[in-house]
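Given next are the chains, with one letter for each unit.
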Amino acid sequence: MNNNSFFVTTPIYYVNDAPHIGHAYTSIACDVIARFNRLNKKKTFFLTGTDEHGLKIEQAAKKKNMETKIFVDEMSIHFKKLTKDLNISNDFFIRTTDEHHKNASQHIWNILKKNNQIYLDKYRGWYSIGDEAYFNDDEIITDEKTKKRLAPSGNEVQWVEEESYFFKLSKWQDKLLDFYKKNPNFIGPDSRKNEVISFVKNGLNDLSISRTTFSWGIEVPDDKKHVMYVWLDALINYLSAIGYPDKKYKKFWPADVHIVGKDIIRFHAIYWPAFLLAAEIEPPKRIFAHGWWTNEGKKISKSLGNIIDPNEIIKEYGLDTLRFFLLREVPFGNDGDFSKKSLQRRINNDLANDLGNLVQRVLTIINKNLDGKLNKIKQIKENDKKLYEYPKEILKKIEINYEKQELHKVIESIWKLISEANKYVDENAPWQLLKDDKERAGDVLNILVLIIAKIAIFLAPIMPNISENILNKIGLSIKKLSMKDISNDNFLNMSYKIKKPEIIFQKIE
């Protein structure tokens, strides 16, 4: 285990449909975490990809009269393109149809079998194709109108009876509860942790981990009739992507954090650690489940035709604006409502008024009055100290926020710094000082340029393009900076001549 390494993952996205705002949200959050850790000088591995097996996919391909493999090849491209559209800095894109993934999955199956964790029996119970999940009797809801049986997600379930291999999940109930107790930070946020623990306390049944009624999946070793249950194969991607079963996987394992949607917390926080413990592999350090988005107060669904296409939002408002809005609007872990009005309000207030105005005012004054030149700060006065010391103070907070996936709090801290900087401009009125005390005006403006640079470093994981744009205006680039520079006061490029700044954010009327 390498203490200077950091491994973050999105869930792998199911390719039965096109990507939407939910996929974008998870990918952006993971990207921000990965970029922060790289800027913090950690050897970072960021993984995303596509989940391509299971009955639902076989059916989706049939509907389009396509061979399943050709269908998943085409669908996977949409998700690969999304990583480019969102400026995602993933190190690898895994597909569960990759040969090395198939080998890793079969390898783990063989270990589980050798460790006496798998047996053959008959499965009888409720299965939802929409969720690719099994449900207990007490979880099934009957729709009063249609009399259809539904899973908690609202997807229809069907009664299934077939020969199946089972994983001895029931055997792991107490060991899992013990594991959660010893690793209190394993599941976040707390609301999800309580939900998982209470589910496990209610008793675990053995888990059906193979199917015979369709063939689109990874073959069970030594039994061609069976394919692996899609969730067993899907979860193994986190290992196969970093080289498992080759020992090199240990460079990044255990994963620091799997970021998932709250609908798949059970698979990640119950099945996954149980599979790993049973295979004598250390579980990940943390699973964090975020909430869902509604659209203008309404549940997002195909039938309502209100699915949000991230590319349309990017075209209209810009990519970094979308990245900022998704993480600023809602505490990460809670549900949120996507509305264009809120997005426009954030652009006008937070981005144009607070951040854009700060950069604009300071750089315009330097360009106009000091011939665009920066100078060494001659004297830090008492009333400079609060702003001057503030970035170091914030860095400590932000590091803890990132560890806890409190991405909204990271942004709150950065905006407190922006607000302090704007207050400092108003209180010191450099335009007036230029008439009365030019040397003092130079100090005030140079302190502000240093603070603007640090704001841009803080913003680099969240708004990479905007951050680089701000840094370029003062002759810097994030490529040559890191989070360590927050505590450093001599990285400004003194030979750079500041030009008249162009407006960064256009207000929306």
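Attention here is on the structure that accompanies the text.

Details of the overall build of the protein chain
Along the protein chain, the regular secondary structure elements total 17 helices and 19 strands. In terms of overall dimensions, the protein chain is globule-like: its C-alpha atoms have a radius of gyration of 26 Å, near the 23 Å expected for 509 residues. Oriented by its inertia axes, the alpha-carbon framework of the protein chain measures out at about 90 × 50 × 40 Å. Going through the 509 residues of the protein chain one by one, you find that 59% of them count as buried. Summarising the internal contacts of the protein chain: among those between residues at least 6 apart in sequence, 77% fall at separations of at least 24. About 22900 Å² of surface is accessible on the protein chain, with carbon and sulfur atoms providing 47% of the total. For the protein chain, the distance from the average position of its 79 positive side-chain charges to the average position of its 69 negative side-chain charges is 4 Å.

Concerning helix H1 (residues 21-39)
Here H1 spans 26 Å end to end across 19 residues, near enough to the 27 Å set by a 1.5 Å rise per residue. With 17 of 19 residues buried, H1 is to be regarded as a mostly interior element. Looking at the residues trailing H1, positive phi occurs at Lys41, about 65 degrees.

So, the sheet that holds strand S6 (residues 133-135)
If you walk across this open sheet you meet the four strands as S6-S5-S9-S11, and the pairing is antiparallel. Each of the sheet's edge strands pairs with one partner strand only, and the pair in question is S6 and strand S11 (207-208). As paired elements, strand S5 (residues 118-128) and strand S9 (residues 158-167) share ten bridges and run antiparallel to each other. For Arg124, the partnering residue across the bridge sits in S9 and is Glu161. Packed on one face of the sheet, helix H9 (residues 265-278) meets S6, S9 and S11 and runs near 30 degrees to S9.

A short note on the sheet that holds strand S13 (residues 219-220)
Taken together, the three strands give an open sheet; going across it, the order is S12-S14-S13, and neighbouring strands pair in antiparallel fashion. Looking along the sheet, the strands with just one partner apiece sit at the ends: strand S12 (210-211) and S13. Taken together, the two bridges between S12 and strand S14 (residues 223-228) define a ladder with antiparallel strand orientation. Across the sheet, the residue bridging to Arg211 is Val227, located in S14. Packing of helix H4 (residues 99-114) onto the sheet brings it into contact with S12, S13 and S14, and relative to S14 it is tilted by some 105 degrees.

Some details on the packing of helix H2 (residues 55-63) against helix H3 (residues 68-85)
The interhelical angle for the contact between H2 and H3, taken along N-to-C directions, is 95 degrees, at an axis separation of 9 Å. For the element pair H2 / H3, the angle class is roughly perpendicular. In this structure, H2 uses Ile57, Glu58, Ala60 and Ala61 to contact H3, whose residues at the interface are Thr68, Phe71 and Val72. Of the residues that constitute the contact of H2 with H3, the class distribution is five nonpolar, one polar and one charged.

Observations concerning the packing of aromatic side chains
Evaluated as defined, the whole model comprises 30 aromatic pairs. Geometrically, the ring pair formed by Phe179 and Phe186 is edge-to-face, given 4.9 Å between the ring centres and 80 degrees between the ring planes. Look at Phe325 and Phe338: their rings are 5.3 Å apart centre to centre, the planes differ by 80 degrees, and that puts the pair in the edge-to-face class. Within this pair, whereas Phe325 is found in helix H11 (residues 319-328), its partner Phe338 is found in strand S19 (residues 336-338), the two being separated by 13 residues in sequence. Pair check on accessibility: Phe325 and Phe338 agree, each one buried. Its end group placed over the ring of Trp172, Lys175 keeps NZ or CZ at 4.6 Å from the ring centre. Directly above the ring of Tyr127 sits Arg211, whose terminal nitrogen or CZ lies 4.3 Å from the centroid.

Points about the pattern of salt bridges
All chains considered together, the criterion is met by 32 salt bridges. Here Glu163 ties to Lys225 by a salt bridge, and the two come within 3.2 Å at their closest N and O atoms. On the criterion of sequence distance, the pair formed by Glu163 in strand S9 and Lys225 in strand S14 is long-range, its members being 62 residues apart. Classification of Lys225 as exposed rests on a relative accessible area of 55%. For Lys340, the salt bridge is made with Glu316, and the minimal N-O distance between the two is 3.0 Å. With Lys340 in helix H12 (residues 340-369) and Glu316 in helix H10 (residues 310-317), this pair connects stretches of sequence that are 24 residues apart. When its relative accessible area of 48% is taken as the criterion, Glu316 is described as partly exposed.

Quick look at the pairing of strand S1 (residues 5-9)
By the criterion of burial, S1 is predominantly enclosed, with five of the five residues buried. Burial of the side chains of S1 extends over both faces: Ser5, Phe7 and Thr9 are buried on one face and Phe6 and Val8 on the other. Taken together, the five bridges between S1 and strand S3 (residues 43-51) define a ladder with parallel strand orientation. Bridged to Ser5 within S3 is Lys43. Of the pairings in the sheet, the one linking S1 to strand S15 (residues 257-261) comprises two bridges and is parallel in character. Bridging from a neighbouring strand, Thr9 pairs with His258 of S15.

Thresholds, definitions, all that
Residues numbered from 1 in each chain as written. Predicted model: local features only at pLDDT ≥ 70, side-chain atom pairs only at ≥ 80, totals over all residues. Heavy atoms only, no water. Helix = DSSP H or I, 4+ residues; strand = E, 2+ residues; numbered from the N terminus. Rg over C-alpha atoms; globule rule 2.2 N^0.38 Å. Buried < 20%, exposed > 50% of the residue type's maximum accessible area, 1.4 Å probe, protein only. Contact = heavy atoms within 4.5 Å. Areas by Shrake-Rupley, 256 points an atom, 1.4 Å probe, with all protein chains shown as cover. Lys, Arg positive; Asp, Glu negative; His and termini not counted. Charge placed at Lys NZ, Arg CZ, Asp CG, Glu CD. Expected span 1.5 Å × (residues − 1). Pairing = 2+ DSSP bridges. Axes fitted to C-alpha atoms, helices over the stretch in contact; angles between N-to-C directions. Parallel < 35°, antiparallel > 145°, perpendicular 65-115°, else oblique. Nonpolar A, V, L, I, M, F, W, Y, C, P; charged D, E, K, R; others polar. Phe/Tyr/Trp six-rings, centres within 6.5 Å; stacked < 30°, edge-to-face > 60°. Lys NZ or Arg CZ within 6 Å of the ring centre and 35° of its normal. Salt bridge = Lys/Arg side-chain N within 4 Å of Asp/Glu carboxyl O.

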